[in-house]
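Observations on the three-dimensional arrangement
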Amino acid sequence: MAIKKIHVLNTAFRDGFQSAFGARVFTKDFLPAVEACVAAGQTHFEAGGGARFQSLYFYCNEDAFAMMDAFRKTVGPAVDLQTLARGINVVGLDSQPRDVIKLHAELFKKHGITTIRNFDALNDVNNLVYSGQCIHEAGLRHEVVVSVMELPPGCSGAHTPAFYLDILRQILDAGIPFDTVCFKDASGTLVPRKVHETIQGARGLLGDQVHLVFHSHETAGIGLAQYLAALEAGADQVDCALAPTSGGTCQTDILTLWHALRDSAFDLDVDIDKMRRAAEVYKECMREYFMPPEATMVEPLIPWSPMPGGALTANTQMLRDNQLMHRYPEFIAAMGEVVRRGGFGTSVTPVSQFYFQQSFNNVMFGPWKRIAEGYGKMVLGYFGKTPVAPDPEVVRLAAEQLKLEPTTESPLEINDRDPDKGLAAARRMCQAAGIIETDENLFIAATCKEKGIAFLKGEAKVGVRKIKPKPEGEAQAGGPRGFTVQVNGKPYAVVLDGERATVNGKTYNVEVKEGVGPQGPVPPDKQGAASADAKSVKAQMPGAVVRVQVAVGDSVQPGDVLLVLEAMKMEVEVKAPTAGTVTSLAVSVGDQVTAGNPLLWLN
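Report on the accompanying structure. Because the structure is predicted, anything quoted here is derived from the model rather than measured.

**Considerations on the packing of helix H5 (residues 98-110) against helix H18 (residues 422-433)**
Contact geometry of H5 with H18 gives a least axis separation of 6 Å together with a crossing angle of 80°. Classified by the angle between their axes, H5 and H18 sit roughly perpendicular to one another. On H18, the residues touching Asp99, Val100 and Leu103 of H5 are Gly422, Leu423 and Ala424. Residue composition of the contact of H5 with H18, grouped by class: four nonpolar, one polar and one charged.

**Brief notes about the layout of surface pockets**
In this model, the second largest pocket occupies a volume close to 320 Å³. Secondary structure elements with two or more residues in the lining of the second largest pocket: helix H6 (126-137), helix H15 (373-380) and helix H17 (411-416). When grouped by side-chain class, the residues that make up the lining of the second largest pocket number eight nonpolar, eight polar and three charged.

**Brief notes about empty space enclosed by the protein**
Per the stated rule, a full pass over the model turns up six cavities of 30 Å³ or more. Taken as a whole, the largest cavity encloses approximately 120 Å³ of empty space. Forming the walls of the largest cavity are 17 residues, and the residues nearest its centre are Gln18, Lys184, Gly310, Val348 and Thr349.

**Structural notes on the pattern of salt bridges**
Within the structure shown, the criterion is met by 33 salt bridges. Where glutamate 280 meets lysine 283, a salt bridge forms, and the shortest distance between an N and an O atom there is 3.6 Å. With glutamate 280 and lysine 283 both in helix H11 (residues 272-286) and three residues apart, the pair spans about one turn of that helix. Its relative accessible area of 36% is what places lysine 283 among the partly exposed residues. Beyond isolated ion pairs, a larger network of salt bridges with shared partners links Lys28, Asp29, Glu288 and Lys466.

**Focus: the sheet that holds strand S21 (residues 598-602)**
On the basis of which strands lie adjacent, the open sheet formed by four strands has the order S14-S21-S19-S16 and antiparallel pairing. At either end of the open sheet lies a strand with only one pairing partner, and these are strand S14 (535-538) and strand S16 (555-556). Taken together, the three bridges between strand S19 (residues 580-585) and S21 define a ladder with antiparallel strand orientation. Note that in S21 the partner of valine 582 across the bridge is leucine 602.

**Some thoughts on the packing of helix H12 (residues 309-321) against helix H14 (residues 351-365)**
Between H12 and H14, the shortest axis-to-axis distance is 11 Å and the interhelical angle comes to 40°. As H12 runs across H14, the sense of the crossing is right-handed. Mapping the contact onto sequence places Ala311, Asn315, Met318 and Leu319 in H12 and Ser352, Gln353, Phe356 and Phe360 in H14. Its residues assigned to classes, the contact of H12 with H14 shows five nonpolar, three polar and no charged.

**Notes on the nonpolar core**
Judged by nonpolar contacts, the single largest core of 114 residues is most densely connected at Phe13, Phe30, Phe71, Phe183 and Phe443. Among the elements that take part in this core, helix H19 (residues 439-456) stands out by supplying eight residues, more than any other. Residues contacting phenylalanine 443, with those up to four places away along its chain left out, are Phe53, Phe65, Val90, Val91, Val100, Leu103, His104, Leu107 and Phe108. Among the nonpolar cores identified, the runner-up in size contains 53 residues, and Met307, Phe331, Ala372 and Val395 belong to it.

**Considerations on H12**
Over its 13 residues, H12 runs 19 Å from end to end, which matches the ideal 18 Å to within 8%, given 1.5 Å per residue. Counted residue by residue, H12 has 12 buried out of 13 residues, so it is predominantly covered. Listed in full, the buried residues belonging to H12 are Gly309, Gly310, Ala311, Leu312, Thr313, Ala314, Asn315, Thr316, Gln317, Met318, Leu319 and Arg320. Just beyond H12, the residue with positive phi is glutamine 323, at close to 55°.

What counts, and at which threshold
- Residues numbered from 1 in each chain as written.
- Predicted model: local features only at pLDDT ≥ 70, side-chain atom pairs only at ≥ 80, totals over all residues.
- Heavy atoms only, no water.
- Axes fitted to C-alpha atoms, helices over the stretch in contact; angles between N-to-C directions.
- Helix = DSSP H or I, 4+ residues; strand = E, 2+ residues; numbered from the N terminus.
- Parallel < 35°, antiparallel > 145°, perpendicular 65-115°, else oblique.
- Contact = heavy atoms within 4.5 Å.
- Nonpolar A, V, L, I, M, F, W, Y, C, P; charged D, E, K, R; others polar.
- 1 Å grid on protein atoms, 1.4 Å probe; cavity = no way out; pocket = protein on both sides within 12 Å on 5 of 7 lines; lining within 4 Å.
- Points joined across faces, edges and corners; volume = space filled by probe spheres on them.
- Salt bridge = Lys/Arg side-chain N within 4 Å of Asp/Glu carboxyl O.
- Buried < 20%, exposed > 50% of the residue type's maximum accessible area, 1.4 Å probe, protein only.
- Pairing = 2+ DSSP bridges.
- Left-handed = near helix turned anticlockwise from the far one by under 90°.
- Core = buried A, V, L, I, M, F, W, Y, C linked by side-chain atoms within 4.5 Å.
- Expected span 1.5 Å × (residues − 1).

Dropping the structure here:
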């Protein structure tokens, strides 16, 4: 029996980080594990892109380009380093004009990347044409992608083998230059029978010489079955991770797949004993990182609410940051309807985030009372054509709330004339902040906006979750401690357990220190007294203040934007409920607020 060698892409250091830690990992911590994997003979790594670009600026106070340079230095010149790109969105949630898309390919080539896997969540082939050309012209290998998933039970339309093969035919007809082809299932939901039929059909279209890849996650519990179906149908490569960032929300573990293929017609191109040793190094590197329990679990309900593994933990990390983790089941339950009515874009970034943002809004504000900007623009056509037509009522609500008309115009044309996008807008941001205008800085500003500027100014905040060791003797002191705390006559049941506090049944992450720390001065823009008859404007949801657009003494009219909050990677405008004068500000840029917090007062 002839044995077919199966190539493996190691995803532990990109998708693994995103799926297990919300992409929040410091570079210095994982490089020893990369070195161990190279020593084990691995020659192909996922090394950045996707959420591992913005997350470094948003949460790690690190430069993604410096991370790629360090990755390349660690693996040497011969190893294939691959990143993930989102078509015309490149490495962000919003789509970009041509100059940013072109610069993306050039900069990633400059910083040691050799392959870019390039997908469009809507499977709109028009969004792959220019981005694919730029990747090819930069001298990179282009892995073009068809995005796949299973629709929630009870849904039909698109997302069949025939639909996927038609997308592949469109890619071929469009003349997009590519080196390899990948079918990417970010939610891990496509049933194995459809995986087999799709890969078998793709092999027939592409012939035997094109390198064919299948990518999935174990979130729904069928990732290994999908991989076996793909290999039987003719795939040349599958993607695997290493423990502790394998299984659950991430890819199948390479040791698990090796075991499943024993005595079969397939053999992985790795030294499995050396990989076992590399996995031990990786576990040691990651031992201090907080692993959310949902990252290691199979979630049987995912087929009803297809949340990708890479988005799931990123969202739960943000929910923890905003003290909303206890409502996570509500957000997931609301997602099925959002998918059904949104046009069946594949649940992969950025569309998966749009789905979650809209389900978040439907829970927080009431069903369809507030259309999330990304979701609304998607159903209106501003990211391209959805696989099927979105629900007409949702389209109407989006147009009404966002004050945009539906469009069939190319997003590239729209973005090219948008004065707030592109390198010219990025240059203005850098100039206003006094930042030197390198290509890297312009790209950071264009794709990360205010948070990118904050990083470049040295003002970024660190949001990496690590498990702090308990002081010696604390474990013997009795573990969790319970208290009854009365505030204004109301009792609160509080249990302190390390860095977690449970208050009346709700759990929060806390840091408790002995003594009372020094109190800093009140920032100038928080000074000013509210008169007795002033009306407070309160936060409707938790979030961080990203812009304050008024000052004390300003006159405002109903509907004027007072400030902007950011939560769950979306910006929410806080508008004046009535006419009045701003008499006092309670917050400034960077402050974290919870629902009900006063933001300012109007008189």
